[in-house]
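Structural description and commentary
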Amino acid sequence: MDTMRFNSKELSYIAQHADRFDKEGVLLMKEKVDGLFKKGSVYQERYFRLKGNLLFYFKHKEQTKVEPLGVFILERCTVELDLKEDIANSFMLVFEGEEHPFFLATLSEDDRDSWIQALHIASYECLKMQLQQLREQVQARTGRDPIQLPKEPVGLDLDSETDHSEDPVLEISLSCNDLPTDSNGQPPNTLIILHTITPPDQQLWIHHNHTEIVEKSCNPQFLKTVGFGNKDSVDTATRVKLTVYHVVERMTWTMFQVGQAVFTLQDVLMNPSSTLTLTLQGSDMKEYGQVTITCWVNDSDFMKESSDSSLKSRGSFTRNSTVLKIYHESVINRSFRFTTNVVDKVLLVHEYMAESRWSFVIPSLLLKLWIDEEKKKVSLLQDFGEISPTWSSLRQEMTDYCMSSISTYTQKVAHLSSYTGPSFKPSCEKDNKELEFIPTNLHLARMCVTSEGSSEATVYDIMTVGAFVAYTQKFRSGGLRKMLQGQREFHSSQSTLGFKTKIQSSCSLLNDINKLKAEVTEGCKQLHQSALQGSDVSLQTATKDLTEVVRELIRLCDDPLLQLSAEKYMLAKSPSNASDGLDVVASLGPVSKSFHGRQAKSPEKAWKWSGSSFVKSPTVEPWEVTRLNLEAALMCLISKVDEFSKDSTSDEAVWQSDLNPIIINLQDFVEIVSTRAALFLSFLSLVENKDHIKLNHMIKYRRDIVASQAITSLVAGLSITMQTRITDEAFLEQISKIGFLIGFEALLSCYGDEMGMLEDMSVAVDDLAFVFIKFEEEVDGQCEPTITALSDVKAGEFPDINRHSICVSLPLPKTSFSKLPENLQKNKIKITPVFFNIGINEQATLAEKFGNTSTQERINAESIAKVFNYYEDYVRHFGEPENKSGPGSVNNLTKQLHTNIMTKKSKNTEVLHIAAEVCRKLKGIRFISCKSGKDRTSMAVTLEMVQILQHEHDLASHVFLHALDCLRSVGCRRENPLKNAGVRKYAFNSLQLLYIPRLYRPPSGTYGNTQT
């Protein structure tokens, strides 16, 4: 049986206070009597009132000022004569699905017929039939259907509106005055719905847009503006119908109409100061207040075409949709108009949400890079040569896992290459293994703010994304942070103090060697250049600098860990193959063409340096001999340079001919040292992980997943930041000196699966420190990034000798690239990622009361230390940000942030607010996340936008909460749940909202139990 929700007070008000009824009078109604002395059914005299399809009845006519006894809804029912006629002039109401009819009777036959006729035509079905008959009669006479009715009855869809992927040409803002109160004397909850019609092409009113709901106000000022037109201009003959409603209940959209007004866009444009006030007319043709329409034009071309010089112009900044489409697609925008604390100053705000074009491109590039890394790892394992059976078995196991990774990653690349879906991964797909390397729900949230009449705008960008999580790998063993801490526990300590493991030290040592190798290469170039110039002073200086670098490399060769690794490797060689020398053969591969030829002919033989050339050697060269050979090559170079300085008759040609072979030999030995060191330290890694090879593979795979999500999000944020700030010379100077500051904010709890998510995300963010950015000039319009591996491996707290640092090259248009300082055009830029997390949901409450939030506290403490370091670097190079000290300064804010982090306070979201403000003042890039990047993230990003308006643009304090509800109910973020879960409702329930901080709660009617 169908059920219907109704508001008894509103029905009672209609029954008592309607100005006019369709029919009213006395009827006899058959009612059950269940008294002590009398039982059964008898006819009782009642007073009836018919209004539309509502039939009210009262006990007596004199009691029509009190609530009615009941009401019939005259739908799905028929009016029939009572054939039994227990009483004269009786008839009955028979409702569909009801077993017992309702019996009524009149005092006369004429009265009975009059009531039957009135009741018969009262229903909506009857009115619909009459309309259809009239429609058919008109069509029969004219041969043309007068109206185009929808095939099925449709209700008003308040969640839909005209597509505004383009910035509107013209916008209006609305306000009302003197609206009537409701039946209880309370001010209405006002909503305005707009319909448009453009004759002669359209014959029906089409739903265009609607405002937000302004609660309990007879003089509401609506913040959301309504746009008209697009890049193809706007038809000013368009008629607009405004319908004002009082929303009684937001969850079910129960509401009734207050009044209507109709105008054309031309009416507003031609009115002085582009403002028009109209009277609202009710269905009874009475006046119910006024509505004021204020109009302005965004398009300068439209302004030129118009002859009216009084038109307001908002400025040219609003063409953000076109600019955003360079790196984004599916752009959605909304616009708002906010009052400030300054009289006559009005803020005009455009909000945008867009999908990044790189969501599937970057993961494919990373997977291809990691496939190459795995292949090099396999090659390095084979370079161990013949080793004892025990180690050979472990090497094979590690090789099998590497080959498994290559196969899996190759399949992932093939799937992503053939993917044809949307350019973002919706949250409902977060457990899809085919898309596990794609960030969840990655979007740009942009806010453009200007003052009315100004052409200057301030742009604020925030990237929103689901937490960087290996969701498909589940959380039985916790997240990455816990797994990596466990992995570190079974690694041997470098010293008795146990502060660093051998793996940590080996990664740092390998990076130092690679860094010195690069410096040697650069020093050799400088030495060669000095020889070309024929300058003795320059030659001596270059030799001195190169000598210092090579001596530092020789010192590293004596490192105890490296010597220990070499010893372990030699002990692992099979006794019968101790002299196979395959490691040296592999390590000398890139040395010289002549050596390559000998290696190809005799791969089973080893080679060593005789003093003048490489010769066959029956034994593996000891590590100490390799070090001494490098030192001898350096001494040979120094000796030759000293000889040149004493012989004044030598010319540039002699210098070059004598120095070149020595320089080449020195570089060859540096290459040998570097490659053998990598071989020995890789073998040490095999030794350290011999009992946990499968676990290491799982950790590596999980780490790759979250790294892919984090790097993709980072590139999306960097691309739009560079597009926005390319003319900001101070910003370009800042990133060239101290790099990018990337501020991540998350709202994950330290409970259940979300604890594992927090651990995953913290590692993913930390790993961004191993990402470097380089700008390149676009070639042939190719704007897709490229990714290459650097020589350094991941070091630090959680090292990984199998993964190298990466460089992301971002192509810029020629005009943009030319604006970069020279050092930015040539050098790589480092990343400083910081991550602050505060749980806000009911699970966070459980974690605080019954669990453990130490992980969150440790993450926040580590991040504030990074913020301090970045801030100190900034001050050292540029002085105080904004040249400001005292309250509101970065110095003061960082101290507040530190205090809040160290203070034990439940759901201290002030940490997030201060961290966001510090990041903005230091020109950092902002990211906000929760599990899906959809619900809690939407609450956080809208709150940050309103806080920016309040702190930076003097938003009126009494508008703060209204603005917050407005952005959440009718702003761009309302579309995010639709794109992810198919409904425009945030995934909260009433129980959850009891535990969520007040500023993070969605407005009534915008949330429900939906998919997360």
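Okay, so let's go over this structure.

Cut-offs used in this document
Residues numbered from 1 in each chain as written. Predicted model: local features only at pLDDT ≥ 70, side-chain atom pairs only at ≥ 80, totals over all residues. Heavy atoms only, no water. Helix = DSSP H or I, 4+ residues; strand = E, 2+ residues; numbered from the N terminus. Buried < 20%, exposed > 50% of the residue type's maximum accessible area, 1.4 Å probe, protein only. Contact = heavy atoms within 4.5 Å. Areas by Shrake-Rupley, 256 points an atom, 1.4 Å probe, with all protein chains shown as cover. Arc of directions from axis to C-beta. Polar contact = N/O pair within 3.5 Å; in protein donor to acceptor, adjacent residues only side chain to side chain. Phe/Tyr/Trp six-rings, centres within 6.5 Å; stacked < 30°, edge-to-face > 60°. Lys NZ or Arg CZ within 6 Å of the ring centre and 35° of its normal. Pairing = 2+ DSSP bridges. Axes fitted to C-alpha atoms, helices over the stretch in contact; angles between N-to-C directions. Patch = residues over 30% accessible without salt bridge, like charges linked within 9 Å, V, L, I, M, F, W, Y side chains within 5 Å. Salt bridge = Lys/Arg side-chain N within 4 Å of Asp/Glu carboxyl O. Core = buried A, V, L, I, M, F, W, Y, C linked by side-chain atoms within 4.5 Å. Parallel < 35°, antiparallel > 145°, perpendicular 65-115°, else oblique. Left-handed = near helix turned anticlockwise from the far one by under 90°. Nonpolar A, V, L, I, M, F, W, Y, C, P; charged D, E, K, R; others polar.

When you go through the chain residue by residue, the secondary structure sums to 29 helices and 29 strands. Within the chain, buried positions represent 52% of all 1012 residues. Long-range pairs, those at least 24 residues apart, make up 70% of the contacts in the chain with a sequence separation of at least 6. With an accessible surface of roughly 45700 Å², the chain has 51% of that area assigned to carbon and sulfur atoms.

Before going further, it helps to spend a moment on the side chain of S674. Examined against the element boundaries, S674 turns out to sit in helix 16 (residues 652-688). Judged by its relative accessible area of 5%, S674 falls in the buried class. Not counting residues within four places of it along the chain, the set of residues in contact with S674 comprises I513, N514 and K517.

We now examine helix 18 (residues 729-738). Taken as a whole, helix 18 has its buried residues at F731, L732, Q734, I735 and I738. Along the long axis of helix 18, the arc covered by the buried residues comes to 165 degrees, so they all point the same way. For helix 18, the N-terminal capping position is held by D728, with its side-chain oxygen 3.2 Å away from the main-chain nitrogen of A730.

Under the definition given, this model contains 23 aromatic pairs. Ring centres of W623 and F680 lie 5.5 Å apart, and the angle between their planes is 85 degrees; on these two criteria the pair is classed as edge-to-face. One end of the pair, W623, is in helix 15 (residues 623-646); the other, F680, is in helix 16, and 57 residues separate them in sequence. Neither residue differs from the other here; W623 and F680 are each classed as buried. Three or more aromatic residues link up through ring pairs in this structure, and these residues are F384, W391, Y569, W623, F680 and F683. A cation over a ring is seen here: K23 above W115, with NZ or CZ 5.2 Å from the ring centre.

Summarising the element assignment, R446 is placed in strand 18 (residues 443-451). A relative accessible area of 3% means that R446 is categorised as buried. Among the polar contacts made by the side chain of R446, one reaches the side chain of T724 at a distance of 2.8 Å.

Of note, T238 is situated in the loop between strand 11 (226-228) and strand 12 (239-249). Taking relative accessible area as the criterion, T238 reaches 9% and is therefore assigned buried. Along the backbone, T238 and T196 are 42 residues apart, and their C-alpha atoms lie at a distance of 6.7 Å. The contact partners of T238, leaving out residues within four places of it in the chain, are T196, I197, T198, F263, T264 and L265. Polar side-chain contacts of T238 include one of 2.8 Å to the backbone oxygen of D235.

This part is about the sheet that holds strand 24 (residues 786-794). If you walk across this open sheet you meet the three strands as 23-25-24, and the pairing is mixed. Because the sheet does not close on itself, it has two edges, and the strands there are strand 23 (771-777) and strand 24. Ignoring strand direction, the axes of neighbouring strands in this sheet form an average angle of 30 degrees. In this structure, strand 24 lies alongside strand 25 (residues 800-812), joined through six bridges in antiparallel fashion. Directly across from V793, in strand 25, lies its bridge partner H804. Contacts from helix 17 (residues 693-725) reach strand 23, strand 24 and strand 25 within the one sheet, and its direction differs from that of strand 25 by about 20 degrees.

Let us now look at a nonpolar patch on the surface. Among the surface-exposed residues, Y751, L846 and F850 lie close enough to one another that they form a single nonpolar patch of about 320 Å² accessible area. Mapped onto the elements, L846 comes out in helix 22 (residues 842-850). Overall, L846 belongs to the partly exposed group, its relative accessible area being 31%.

In this section: the pattern of salt bridges. Throughout the structure, instances matching the rule amount to 38 salt bridges. A salt bridge links D86 to K30; the nearest nitrogen and oxygen atoms lie 3.4 Å apart. Of this pair, D86 sits in the loop between strand 5 (77-81) and strand 6 (90-95) while K30 sits in strand 1 (residues 23-34); the two residues are 56 residues apart in sequence, bridging distant segments of the chain. Among the charged side chains, a salt-bridge network with shared partners connects E374, K700, D704 and R803.

Another aspect to go through is the nonpolar core. Core analysis: the largest hydrophobic core is formed by 84 residues, its most contacted members being I711, F740, I773 and F775. Setting aside anything within four residues of it in sequence, one finds I773 in contact with L718, F740, V808, L810, N827, K828, I829 and I831.

Closest axis-to-axis distance for the helix 23 (residues 854-878)/helix 24 (residues 890-902) pair is 10 Å, and the angle between their directions is 165 degrees. Classified by the angle between their axes, helix 23 and helix 24 sit roughly antiparallel to one another. In terms of crossing hand, the pair formed by helix 23 and helix 24 is left-handed. Where helix 23 abuts helix 24, its residues N860, A861, I864, V867, F868 and Y871 lie against V890, N891, T894, L897, H898, I901 and M902. Grouping the constituent residues of the contact of helix 23 with helix 24 by class yields nine nonpolar, four polar and no charged.

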